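Descriptive structure summary
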Amino acid sequence: MHSQLTAINIYVLVRDKVFFFADLFTGDRVSDLGRLQANQVFMLKDRNGLFLLKLTFTKTTRGSATSPFILETFEDLGVCPVAWIEYYLSVCNLLNIVLNRGYFFRTTDRGRVVSKKTFLGFCG
């Protein structure tokens, strides 16, 4: 039997892959990544034309100072975290999921729609 993926299923598959791939490159800061706001993600262009993705995490290192984290592009796009995040943004755009406000990575509401809730899991 052939089954087709719904838009929500596609979103979940892409979100999960990109989320955990970005987590790999951010030093296992899954809690910070799950709370990342869309307005904290910036594409930067350096002098060499390389694109950098700046993730400013809410977790503080000293007092109230935030700790910015930059993901640099790799030549091999298969393992490039910036390319994967760009892919996530493209898929969200194609699925008409607007990420300009709220959390960058989001849960779904019972698998029907993308919610505005943060993408975090809790143990215990």
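One can find the structure itself at the top, above this paragraph.
Overview of the structure. (Residues numbered from 1 in each chain as written. Predicted model: local features only at pLDDT ≥ 70, side-chain atom pairs only at ≥ 80, totals over all residues. Heavy atoms only, no water.)

1. A look at a nonpolar patch on the surface
A cluster of nonpolar side chains, Leu-5, Ile-10 and Leu-13, forms an exposed patch at the surface whose accessible area comes to about 270 Å². Secondary-structure assignment places Ile-10 in helix 1 (residues 7-25). (Patch = residues over 30% accessible without salt bridge, like charges linked within 9 Å, V, L, I, M, F, W, Y side chains within 5 Å. Areas by Shrake-Rupley, 256 points an atom, 1.4 Å probe, with all protein chains shown as cover. Salt bridge = Lys/Arg side-chain N within 4 Å of Asp/Glu carboxyl O. Helix = DSSP H or I, 4+ residues; strand = E, 2+ residues; numbered from the N terminus.)

2. Notes on the packing of aromatic side chains
Following the criterion strictly, the structure yields 8 aromatic pairs and no others. Measuring from centroid to centroid gives 5.1 Å for Phe-19 and Phe-20, while their planes differ by 85 degrees, and the two rings are edge-to-face. By relative accessible area, which is 1% here, Phe-19 ends up buried. A network of ring pairs unites the aromatic residues Tyr-11, Phe-19, Phe-20, Tyr-88, Phe-104 and Phe-105 as a single cluster. (Phe/Tyr/Trp six-rings, centres within 6.5 Å; stacked < 30°, edge-to-face > 60°. Buried < 20%, exposed > 50% of the residue type's maximum accessible area, 1.4 Å probe, protein only.)

3. Side note on the environment of Leu-77
Looking at the secondary structure, you find Leu-77 in the loop between strand 3 (65-72) and helix 3 (81-94). Of the residues examined, Leu-77 reaches a relative accessible area of 57% and is grouped as exposed. In this structure Leu-77 touches Ala-83 and Trp-84, once residues within four positions along its chain are discounted. (Contact = heavy atoms within 4.5 Å.)

4. Re the side chain of Ser-115
Structurally, Ser-115 can be placed in strand 5 (residues 113-118). With a relative accessible area of 11%, Ser-115 lands in the buried category. There is a polar contact of 3.1 Å between the side chain of Ser-115 and the backbone nitrogen of Lys-117. Ignoring sequence-local partners within four residues, the contact set of Ser-115 consists of Arg-106, Thr-107, Thr-108 and Asp-109. (Polar contact = N/O pair within 3.5 Å; in protein donor to acceptor, adjacent residues only side chain to side chain.)

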